[in-house]
Amino acid sequence: MTDFAELDESAYARLQSNLIREKGGDMQRRFLMATKSRTAFIDFVNEHASATDGMRAQVFEGALTEQSLKELPSSSEQAMHYAWSNLSPRTACRTSFWANVTLQHIESGVIQEAWWLAANGGKNESGEERIDRALGRLNKRRDGAAKLADDCVRTVLRRMGGLPVERGYRSVYVDCPFARAWWRERLVRRVLGRDGVESRQALQAVVRSSQTYWERLVTMIVSRGSVFGSVDVQDAFVNRMAKHFEAMPNTRLKKTETLTVALRRLSNIAAARELGVLGFEEIGAIVDELLVRVA
């Protein structure tokens, strides 16, 4: 199995912990200042957590913008998974790996500015403007300055490779655009490899519904339990969700709250019946019936 270069795991976890320890502190100020320059940002991270030996992941060759980095187009996610198809799940769940991949994209200029990583959900304020606002308030010691600086730092860390020290390991799968692309596309491709499943477009509509929706699905994907630990159960659930999305464009199943109910009901069914020993189609029929009731 190929070993990929990544940031030193312990050192990077320590850097993350140190950066979120004091809101608006000197380290956060220096970190945010470093985002103003690609070179300075790379130097700051490498000073605290250098990369290990190993093969460098391929740099994505497509064009990125600050907006597209926040929510990558489906075509970009497909291309990224193809470029990183030799990754193992063991590597693809590591914060230290994706943080190094992000640094490679900053170094190469595909991510043109490090401050892109600070961009929040809205379209009206760039990452640079958000950081400047935080630094300006810190300099003038205005109310809320420390929290704003801390929010910016956490956003950058989440986008780099996830922030598991704060949000648990689901952060890797949800918050880092590159990791999210790999895991979403991996799930779609796995389902498409089965017979008689829904279209790519329908499956993507499920996994790309929203970030919160994807986060609920991630709980299922990373489960080691007897219910969702089975890939047959995972694939059957997503495939039947896609079927309902296609048949009923306004279905309540598109709401995150309803998805949560569906996952909980399936877990309840599994408490009385071992789903993992059933075939893909058998599980799908059970899921289908459940989804009709929930919707």
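Residue positions are given per chain, counting from 1 as you read along its sequence in written order. Reporting of local features is limited, given that this is a predicted model, to residues whose pLDDT is at least 70; pairs of side-chain atoms are given and counted only at 80 or more, and all residues count toward the totals for whole chains, interfaces and linings. Calculated side-chain values reflect all of the structure's heavy atoms, with hydrogen atoms and water omitted.

### Some details on the overall build of the chain
For step 1, the next point in the chain: When you go through the chain residue by residue, the secondary structure sums to 17 helices and 0 strands.
For step 2, the next point in the chain: Radius of gyration here is computed from C-alpha atoms only, and the compact-globule reference equals 2.2 Å multiplied by the residue count raised to the power 0.38. Here the chain has a C-alpha radius of gyration of 20 Å; the compact-globule value for 295 residues is 19 Å, and the two agree.
For step 3, the next point in the chain: If you line up the chain on its principal axes, its C-alpha atoms span 60 × 45 × 35 Å.
For step 4, the next point in the chain: Here the chain holds 295 residues, and 51% of them are scored as buried.
For step 5, the next point in the chain: Contacts: residue pairs with any heavy atoms within 4.5 Å of one another. Put simply, 73% of the contacts in the chain that link residues at least 6 apart link residues at least 24 apart.
For step 6, the next point in the chain: Residue burial considers only the protein chains on display, and all accessible areas are found by Shrake-Rupley using a 1.4 Å probe. A total of about 13,500 Å² of accessible surface is found on the chain, and carbon and sulfur atoms cover 46% of it.
For step 7, the next point in the chain: Each charge class in the chain can be summarised by its mean position, and for the 43 positive and 37 negative side chains these summaries are 5 Å apart. Numbered from the N terminus, helices here are DSSP runs of H or I no shorter than four residues, and strands are runs of E no shorter than two. Buried residues are those whose accessible area, probed at 1.4 Å on protein chains only, stays under 20% of the maximum for their type, while exposed residues exceed 50% and partly exposed ones sit between those limits. Residues scored as charged are limited to Lys and Arg (positive) and Asp and Glu (negative), so that His and the chain ends carry no count. Charge placement uses NZ in Lys and CZ in Arg. For Asp and Glu, CG and CD serve respectively.

### Points about the pattern of salt bridges
For step 1, the next point in the chain: For this analysis, a salt bridge means a side-chain nitrogen from Lys or Arg found within 4 Å of a carboxyl oxygen belonging to Asp or Glu. Under the defined criterion, the tally for this structure stands at 27 salt bridges.
For step 2, the next point in the chain: Residue Glu71 is joined to Arg180 by a salt bridge in which the shortest nitrogen-to-oxygen separation is 4.0 Å. Highlighted residues: Glu71 in the loop between α4 (66-70) and α5 (74-83) and Arg180 in helix α12 (residues 177-192), separated in sequence by 109 residues.
For step 3, the next point in the chain: Overall, Glu71 belongs to the partly exposed group, its relative accessible area being 33%.
For step 4, the next point in the chain: The residue Glu215 makes a salt bridge to Arg170 at a minimum N-O spacing of 2.6 Å. Note that Glu215 is positioned in helix α14 (residues 211-221) and Arg170 in helix α11 (residues 170-175), a separation of 45 residues in sequence.
For step 5, the next point in the chain: On the basis of relative accessible area, Arg170 is assigned to the partly exposed category, the value being 36%.
For step 6, the next point in the chain: A single salt-bridge network, built from bridges that share partners, covers Glu71, Glu77, Arg180, Arg184 and Arg208.

### Let's talk about the state of the cysteines
Put plainly, two cysteines are in a disulfide when a covalent bond ties their sulfur atoms together.
For step 1, the next point in the chain: Any pair of cysteine sulfurs within 2.5 Å is marked as a disulfide. In this structure the tally under the stated criterion is 0 disulfides.
For step 2, the next point in the chain: Considering cysteine sulfurs only, Cys176 is the nearest to Cys152, which forms no disulfide, with 18 Å between them.
For step 3, the next point in the chain: For Cys152, a relative accessible area of 0% puts it in the buried group.
For step 4, the next point in the chain: Cysteine Cys176 shares no disulfide, and the gap to the nearest cysteine sulfur, in Cys93, comes to 12 Å.

### With respect to the nonpolar core
For step 1, the next point in the chain: Formed by 98 residues in total, the largest nonpolar core has its most connected members in Phe41, Leu64, Trp84, Trp98, Phe178 and Phe237.
For step 2, the next point in the chain: Non-local contacts of Leu64, meaning those with residues more than four positions away in its chain, are made with Leu69, Leu72, Met80, Val110, Ile111, Gln112, Trp116 and Phe178. Residues belong to one nonpolar core when they are buried, are Ala, Val, Leu, Ile, Met, Phe, Trp, Tyr or Cys, and are joined through side-chain atoms within 4.5 Å.

### Things to note about the packing of α14 against helix α16 (residues 256-272)
Helix-helix packing is characterised by the crossing angle of the two axes and by the distance between the axes.
For step 1, the next point in the chain: Comment: axis = line fitted to C-alpha atoms, over the contacting stretch for helices; angle = value between 0 and 180 degrees taken between N-to-C directions. Axis separation between α14 and α16 bottoms out at 9 Å; the angle between their running directions is 15°. For the element pair α14 / α16, the angle class is roughly parallel. Viewed along their axes, α14 and α16 form a crossing whose handedness is right-handed. Contacts between α14 and α16 involve Thr212, Tyr213, Arg216, Leu217 and Met220 on the former and, on the latter, Thr256, Leu259, Thr260 and Leu263.
For step 2, the next point in the chain: In the scheme used here, Gly and all other residues not listed as nonpolar or charged are polar, with Ala, Val, Leu, Ile, Met, Phe, Trp, Tyr, Cys and Pro taken as nonpolar and Asp, Glu, Lys and Arg as charged. Grouping the constituent residues of the contact of α14 with α16 by class yields 5 nonpolar, 3 polar and 1 charged. Angles are sorted into four bins: roughly parallel if under 35 degrees, roughly antiparallel if over 145, roughly perpendicular if 65 to 115, and oblique for all others. Crossings are classed by handedness, with left-handed meaning an anticlockwise turn of the near helix from the far one by less than a right angle and right-handed meaning a clockwise turn.

### Re the packing of aromatic side chains
For step 1, the next point in the chain: For Phe, Tyr and Trp, where Trp contributes only its six-membered ring, two rings pair if their centres lie within 6.5 Å, and the inter-plane angle classes them as stacked under 30 degrees, edge-to-face over 60, or tilted in between. Counting across every chain of the model gives 9 aromatic pairs.
For step 2, the next point in the chain: Taking 4.9 Å as the distance between ring centres and 80° as the angle between the ring planes, the aromatic pair formed by Trp182 and Trp183 counts as edge-to-face. For the pair Trp182 and Trp183, one class covers both residues: buried.
For step 3, the next point in the chain: A cation over an aromatic ring shows up here: Arg184 above the ring of Trp214, its NZ or CZ 5.9 Å from the ring centre.
For step 4, the next point in the chain: Over the face of the ring belonging to Phe245 we find Lys254, whose NZ or CZ atom lies 5.3 Å from the ring centre. Lysine NZ or arginine CZ positioned within 6 Å of the ring centre and within 35 degrees of the ring normal marks a charge as sitting over the ring.

### Comments concerning the side chain of His244
For step 1, the next point in the chain: With respect to the secondary-structure elements, His244 resides in helix α15 (residues 231-247).
For step 2, the next point in the chain: Look past the residues within four positions of His244 in its chain and what remains in contact with it is Thr251, Leu253, Asp288, Leu291 and Val292.

### What to know about the environment of Val110
For step 1, the next point in the chain: In this fold, Val110 is placed in the loop between α7 (95-108) and α8 (127-140).
For step 2, the next point in the chain: With 58 residues separating them along the chain, Val110 and Gly168 place their C-alpha atoms 28 Å apart.

### Some details on the confidence of the model for the chain
If pLDDT is low for a region, its predicted coordinates should not be looked at in detail.
For step 1, the next point in the chain: Every residue carries a pLDDT, the predictor's confidence in it, which falls somewhere between 0 and 100. Residues with a pLDDT of 70 or more make up 97% of the chain, whose mean pLDDT is 93.
For step 2, the next point in the chain: For the chain, helix α10 (residues 164-167) is the element with the lowest average pLDDT, namely 86, and α7 is the one with the highest, namely 98.

### Topic: the environment of Gln67
For step 1, the next point in the chain: Mapping Gln67 onto the fold places it in helix α4.
For step 2, the next point in the chain: Distance from Gln67 to Met33, taken between C-alpha atoms, is 21 Å for residues 34 residues apart in sequence.

### Some words on helix α17 (residues 280-294)
For step 1, the next point in the chain: Expected helix span is given by 1.5 Å per residue-to-residue step, counting one fewer step than there are residues. Across its 15 residues, α17 extends 21 Å between first and last C-alpha, which sits within 8% of the 21 Å expected from 1.5 Å per residue.
For step 2, the next point in the chain: Of the residues making up α17, those classed as buried are Phe280, Ile283, Gly284, Ile286, Val287, Asp288, Leu290, Leu291 and Val294.
For step 3, the next point in the chain: Elements that come into contact with the buried residues of α17 comprise α15 and α16.

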